[in-house]
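Chain by chain, the residues run as shown.
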Amino acid sequence: SRAGPEVTGVKPDKRRRRVDVNLNQLDEIIDSAYERALDRDEGEALRNALHAMAARLAPWRTSEKSAGLLDAPLGGPSRPEQKRPPTPGHGRNGAKAFAGAERVQVPNQEVQPGCQCPECPKGKVYLQKDTSPLVRFVGGPPISATVYELERLRCNLCGKVFTASAPPEVGPDKYDETAVSTIATAKYGHGIPFNRLEAIQQSYGVPLPASTQWELVEDGAELLKPVQEELLRQAAQGDVLHGDDTGMKVLEVTRPEGNTRTGVFTTGVVSASPQGNPIALFFTGPNHSGENILEVLRRRASELAPPVLMCDGSSWPTSKLGPGTEVMLANCLAHGRRKFVELLSDFPEECRFVLEALGRVYLFDEQARQAGLAPRERLKFHQEHSEKEMKSLRRWIKEQLDGKRVEPNSGLGKAMKYLQTHWAALTLFLRQPGAPLDNNICERALKKAVLHRKNGLYYRTMNGADVGDLFMTLIHTCELNHVGAFGYLTELQRHAVELRTEPAAWMPWNYQERLAKLAPD
């Protein structure tokens, strides 16, 4: 061919490939296409050139796993280093951030509103709308205790003993509701075992035995069961149900006669709706995710349309869904992507192609989220931008497998087959409004159970697992709705009688309204 200018990519290494694009050669290929069909070599040369140019122009999104590996687009220059924005909550916090702190109003003792200004005799000082905040921290044990030493007097003649009355703020109970909330959030929200909290309390000189902690959370869970049941009912009405499970250990498990199953699991279910509030549910026991998801769907109103069920590609989540239980199945795109991340060092060229294509799809989804698109607008946006990326990826995978360019039983071949097998469920977001790309929200929820398994090792009985599920359900639902779990659990206990009659009014997102109605004028 004629000599001509040549555009080269970056220097090749084990993670990158070199793409040589001869412009004169491409001109000849295009000219010949007017007279005859292109042969395979000419088509591949044209495809590689187009992909190289597209990679240089199109942005794409990386993750924490691939950002360090894919430091340059395929066939393009090195990507400039991008600084990640600081994580919210790090650094200094303003006074408004201390929502749980006690607030004390301090009047000005030197100057009064309306008095003459001490600086200039002519002016008057007036009260400002905003105060000057001053934050002070005080250390102490997680659960504090106060010893009231009630004075006693005894008659020297009749022997009658007179004991001083306790102050009215003490209350009748030895353990305040806040103690139960602290123990529950520490144990089931942050993974601090009872024995470890006992040691912490002992080091501060305020002993609180692990057995006492368990008795407190067990009694507290009994009061909060109506709220758990209401969350389960409302979660069943969601448009999207995310489901997944992880292994859990329970020492004493009672199984039905003839049941030979040995596994114990914690299933996480996250219900989401565009106009509703996200709800997290936890189920621990011998039932796997499919059986627990079915238990949620049994509470779904019959007049509602089938929900989207987002899960991984295994058969468990759908194995127990009978003909009367309809769902629109969506599979997690992150699961399929993760297989290529793991194989990147062994098959750099092929894996980079897949990861960059999926990275652009995730970028489009992030753009839709930042724009606040409604479900149908988001669907149209994905159909306009992501559908061509996914079609191109599917066509490329088919060519690799059908053309015997990849060993079918290799790790790469299995990763490609996984995408092929579950393609319809992996691309539901291109057909159904509101369908998510992945199941990451449920995997993040299951970190609560994984943290308990790592630090607490096990549940002793199924009753203990039920208590853990209840508090994890309430605590993580609060986190999903940006509500303080400690204050929420405390108010639920203090209003146990009211929530029993109308639990729907005591959800994390509306309980403050009910408190305002109950407050005295």
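Refer to the structure printed above.
Rules behind the numbers
Residues numbered from 1 in each chain as written. Predicted model: local features only at pLDDT ≥ 70, side-chain atom pairs only at ≥ 80, totals over all residues. Heavy atoms only, no water. Helix = DSSP H or I, 4+ residues; strand = E, 2+ residues; numbered from the N terminus. Buried < 20%, exposed > 50% of the residue type's maximum accessible area, 1.4 Å probe, protein only. Contact = heavy atoms within 4.5 Å. Pairing = 2+ DSSP bridges. Axes fitted to C-alpha atoms, helices over the stretch in contact; angles between N-to-C directions. Parallel < 35°, antiparallel > 145°, perpendicular 65-115°, else oblique. Left-handed = near helix turned anticlockwise from the far one by under 90°. Nonpolar A, V, L, I, M, F, W, Y, C, P; charged D, E, K, R; others polar. Polar contact = N/O pair within 3.5 Å; in protein donor to acceptor, adjacent residues only side chain to side chain. Phe/Tyr/Trp six-rings, centres within 6.5 Å; stacked < 30°, edge-to-face > 60°. Lys NZ or Arg CZ within 6 Å of the ring centre and 35° of its normal. Core = buried A, V, L, I, M, F, W, Y, C linked by side-chain atoms within 4.5 Å.

**Brief notes about the overall build of the protein**
Thinking step 1. A tally of regular secondary structure across the protein gives 17 helices and 11 strands.
Thinking step 2. Residue burial in the protein is summarised as follows: out of 521 residues, 40% are buried.
Thinking step 3. Sequence separation of at least 24 residues holds for 63% of the intrachain contacts in the protein that already meet a minimum separation of 6.

**A few points about helix H10 (residues 411-421)**
Along an α-helix, residues three or four apart share an orientation, since each turn contains 3.6 residues.
Thinking step 1. Residues of H10 that are buried: Leu412, Gly413, Ala415, Met416, Tyr418 and Leu419.
Thinking step 2. Check the buried side of H10 and you find it contacts helix H7 (333-342), helix H8 (348-370), helix H9 (375-402) and helix H11 (423-426).

**Considerations on the environment of Ala374**
Thinking step 1. The residue Ala374 is located in the loop between H8 and H9 in this model.
Thinking step 2. For the pair Ala374 and Gly434, spaced 60 residues apart in the sequence, the C-alpha separation amounts to 8.2 Å.

**With respect to helix H6 (residues 289-297)**
Thinking step 1. Burial analysis of H6 places 8 of its 9 residues in the buried class, which makes it a mostly covered element.
Thinking step 2. Within the sequence span of H6, burial applies to Ser289, Gly290, Glu291, Asn292, Ile293, Leu294, Val296 and Leu297.
Thinking step 3. Here the buried face of H6 lies against helix H5 (210-235), strand E5 (240-247), strand E7 (265-272), strand E8 (279-285) and strand E9 (308-311).

**Observations regarding the pairing of E5**
Thinking step 1. Counting buried residues along E5, 7 of its 8 residues qualify, which places the element largely inside the surrounding structure.
Thinking step 2. Here E5 pairs with E7 via 8 bridges, running antiparallel. Each bridged residue has a counterpart across the sheet, and for Asp245 the counterpart in E7 is Thr267.
Thinking step 3. In this structure, E5 lies alongside E9, joined through 3 bridges in parallel fashion. For His242, the partnering residue across the bridge sits in E9 and is Met310.

**Notes on the sheet that holds E9**
Thinking step 1. An order of E8-E7-E5-E9-E10 is seen for the 5 strands of this open sheet, with the pairing classed as mixed. With one partner strand each, in any of the chains shown, E8 and strand E10 (328-331) form the two edges of the open sheet. For this sheet the average axis-to-axis angle between neighbouring strands, irrespective of direction, equals 20 degrees.
Thinking step 2. Lying over the sheet, helix H13 (residues 447-455) contacts E5, E7 and E8, oriented at roughly 15 degrees with respect to E5.

**Quick word on the packing of helix H14 (residues 462-480) against helix H15 (residues 485-494)**
Thinking step 1. Closest axis-to-axis distance for the H14/H15 pair is 9 Å, and the angle between their directions is 130 degrees. It follows from the interaxial angle that H14 and H15 lie oblique. For the crossing formed where H14 meets H15, the hand is right-handed. Contacts between H14 and H15 involve Phe471, Leu474, Ile475 and Cys478 on the former and, on the latter, Ala485, Tyr488, Leu489 and Leu492.
Thinking step 2. Of the residues contributing to the contact of H14 with H15, the split by class is 8 nonpolar, no polar and no charged.

**Looking at the packing of H5 against H14**
Thinking step 1. Taken N-terminus to C-terminus, the directions of H5 and H14 make an angle of 60 degrees; their axes are 9 Å apart at the nearest point. The angle between the axes of H5 and H14 places the two elements in the oblique class. Considering how the two elements wind past one another, H5 and H14 form a crossing that is left-handed. Listed contacts from H14 to Trp214, Val217, Glu218, Gly220, Ala221, Leu224, Lys225, Gln228 and Leu231 of H5 are Asn463, Gly464, Val467, Asp469, Leu470, Phe471, Thr473, Leu474 and Thr477.
Thinking step 2. In terms of residue class, the contact of H5 with H14 is made up of 9 nonpolar, 6 polar and 3 charged.

**Quick look at the side chain of Glu291**
Thinking step 1. Looking at the element boundaries, Glu291 is found in helix H6.
Thinking step 2. Of the polar contacts made by the side chain of Glu291, one reaches the side chain of Arg261; its length is 2.9 Å.
Thinking step 3. Apart from the residues lying within four places of it in its own chain, the contact partners of Glu291 are Arg261, Pro286 and Lys320.

**With respect to the packing of aromatic side chains**
Thinking step 1. One pass over the structure, following the stated rule, counts 5 aromatic pairs.
Thinking step 2. We note Lys339 situated over the ring of Tyr418; from NZ or CZ to the ring centre the distance is 4.6 Å.

**Some points on the nonpolar core**
Thinking step 1. With 60 residues, the main nonpolar core has Ile183, Tyr188, Val217, Leu281, Phe471, Leu474 and Leu492 as its most contacted residues.
Thinking step 2. With 9 residues, H5 is the single largest residue contributor to this core.
Thinking step 3. Not counting residues within four places of it along the chain, the set of residues in contact with Val217 comprises Val180, Ile183, Ala184, Tyr188, Phe194, Val467 and Phe471.
Thinking step 4. Within the second largest apolar cluster, 36 residues are counted, among which are Ala334, Leu344, Phe353 and Leu355.

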